[in-house]
Structures are given as C-alpha cells and as structure tokens.
Amino acid sequence: MTRQYDFVLFDLLTALLDSWTLWNSAAGGEEAGRSWRAAYLKRTYACGAYRPYETLVREAAAETGLPLAAADALEERWAGLAPWEGVATVLESLRGTHRLGVVTNCSERLGRLAAGLLNVPMDVVVTSERAGYYKPDPRPYRLALQELGAQPGNTLFVAGSGYDLFGTSAVGLDTFWHNRVGLPLPAGAPAARQEARGILPALALANSPRRG
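So, here is what we can say about the structure in this document. None of these values were measured; they are calculated from a predicted model.

**Quick word on helix H5 (residues 87-95)**
So, point 1. Taken residue by residue, H5 has Val 87, Val 90, Leu 91 and Leu 94 as its buried positions. Mapping the buried residues of H5 onto a view down its axis gives an arc of 90°, with all of them on the same face.
So, point 2. Buried residues along H5 sit in contact with strand E1 (7-10), strand E2 (99-104) and helix H10 (201-206).

**Here we look at the side chain of His 98**
So, point 1. Topologically, His 98 is positioned in the loop between H5 and E2.
So, point 2. Classification of His 98 as buried rests on a relative accessible area of 4%.
So, point 3. Engagement of the side chain of His 98 in a polar contact is seen with the backbone oxygen of Tyr 5, the distance being 3.1 Å.
So, point 4. Apart from residues no more than four positions distant in its own chain, His 98 is found in contact with Arg 3, Tyr 5, Asp 6, Phe 7, Val 8, Ala 206 and Asn 207.

**Regarding the packing of helix H1 (residues 19-27) against helix H4 (residues 68-76)**
So, point 1. Contact geometry for H1 and H4: axes closest at 8 Å, N-to-C directions at 140°. Relative to H4, the element H1 is oriented oblique. Seen along the crossing, H1 lies across H4 with a hand that is right-handed. For the pair H1 and H4, contact is made by Leu 22, Trp 23 and Ala 26 and by Ala 70, Ala 73 and Leu 74, respectively.
So, point 2. Of the residues that constitute the contact of H1 with H4, the class distribution is six nonpolar, no polar and no charged.

Parameters and conventions
- Residues numbered from 1 in each chain as written.
- Predicted model: local features only at pLDDT ≥ 70, side-chain atom pairs only at ≥ 80, totals over all residues.
- Heavy atoms only, no water.
- Buried < 20%, exposed > 50% of the residue type's maximum accessible area, 1.4 Å probe, protein only.
- Helix = DSSP H or I, 4+ residues; strand = E, 2+ residues; numbered from the N terminus.
- Arc of directions from axis to C-beta.
- Contact = heavy atoms within 4.5 Å.
- Polar contact = N/O pair within 3.5 Å; in protein donor to acceptor, adjacent residues only side chain to side chain.
- Axes fitted to C-alpha atoms, helices over the stretch in contact; angles between N-to-C directions.
- Parallel < 35°, antiparallel > 145°, perpendicular 65-115°, else oblique.
- Left-handed = near helix turned anticlockwise from the far one by under 90°.
- Nonpolar A, V, L, I, M, F, W, Y, C, P; charged D, E, K, R; others polar.

By themselves these figures say nothing about function.
This is the structure in structure tokens:
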C-alpha cells in the first residue's frame, strides 16, 4: 500500500499541548482565561505580520481587564504545558514512518521550549517569529513544507484551531481538526477532511492509502 501522506505537520499549542489549562490557570479561572485567549487570538489573526508574541499576550490581558501579572504567570508556567491524552501514542507511532513538524503561533523562544515538552523530536519547528507572519497566513505553512522537502499533496496538517483551516486550505493541505474543546467552525472556514474531539483518529488518517 502506498500512503497518501509521508509528512505530518501539527499545530503545537492547541492540537498537541493543553494550553487551555495554562491560560485559565494564569488568568485565575476558565471564564477569564477564555476571554483573554480570545482577545489574544483576535490580535494574531488581525496583525498578520509578526509582532512579538509576548506583546500580544500582554495587550490582550490589558484589554480584558487582567493584570499584567497574568501574562508574567503564563510565561513562568510555560514549562508546565502538557500533551493531550493520546498525543504521545500518535507521535511515537508516526515517528518511525513519517517526517514530522510543528507550525505554531509563538515566539521562537517559547515555541522551542514547548516543542521540547513533547519528548518526541520534530524534524522542523516553524514559529511565527521565524516565519515573520502569524497563521493563518500561508507563509508559516509554506516554510514548514519547504524545510521538510514536502508538497501539500503528501502532507497532512493536524490543526488545533478552526482558524488554521483558512491557512491550510489556501496552501492545499488536507487537515485533521483536533477540536478538543468542541469549538464551532469559524464563519467562512472550509471544513476539515476529518474532525474529532481526540487526536487518535489522526493516526489512521496519516496512514491512509493514496487516493486514486
């Protein structure tokens, strides 16, 4: 059997790591954490070209009425990010058969630290800082493809946010949406090839036979 995908790219901070719990903890509660994170995401999607991740986080905290100490707490607790259930199984299984990478809306410093928490080496780590643009701009995805020597047709993207679907669609990447917290599809976003609340189904999709 010839596989459709020889490469798998992942969103890092939502598809692989439970950053929801980290933001909620730093904010002092789930409601405040989700509001803060939503304000931050709005800024990344609006700015396109890279502005420092840490700056956007602090601006979003101020916008939602949180003290700047919350942003400091987010950084201080960064090393406490933990993979979602099933992530280790998926990464360890794919490591022997596929080349792997992450594409993350993050600074280089924090992105590298977060990728190291996976305990499975990535062939490529592309941060928005290094790409010069935030997802869903196509450039971070394209940089990862270039560095892997991959093409969209033989690469699967595992998204954590529905907003990734705008960027992956523009690049031509099939996308599995690990929609862990059950968020609605953003208005106007194309549908994922597959969507699930857990990541384990991505393993079967990554090994699916080439389409005729």
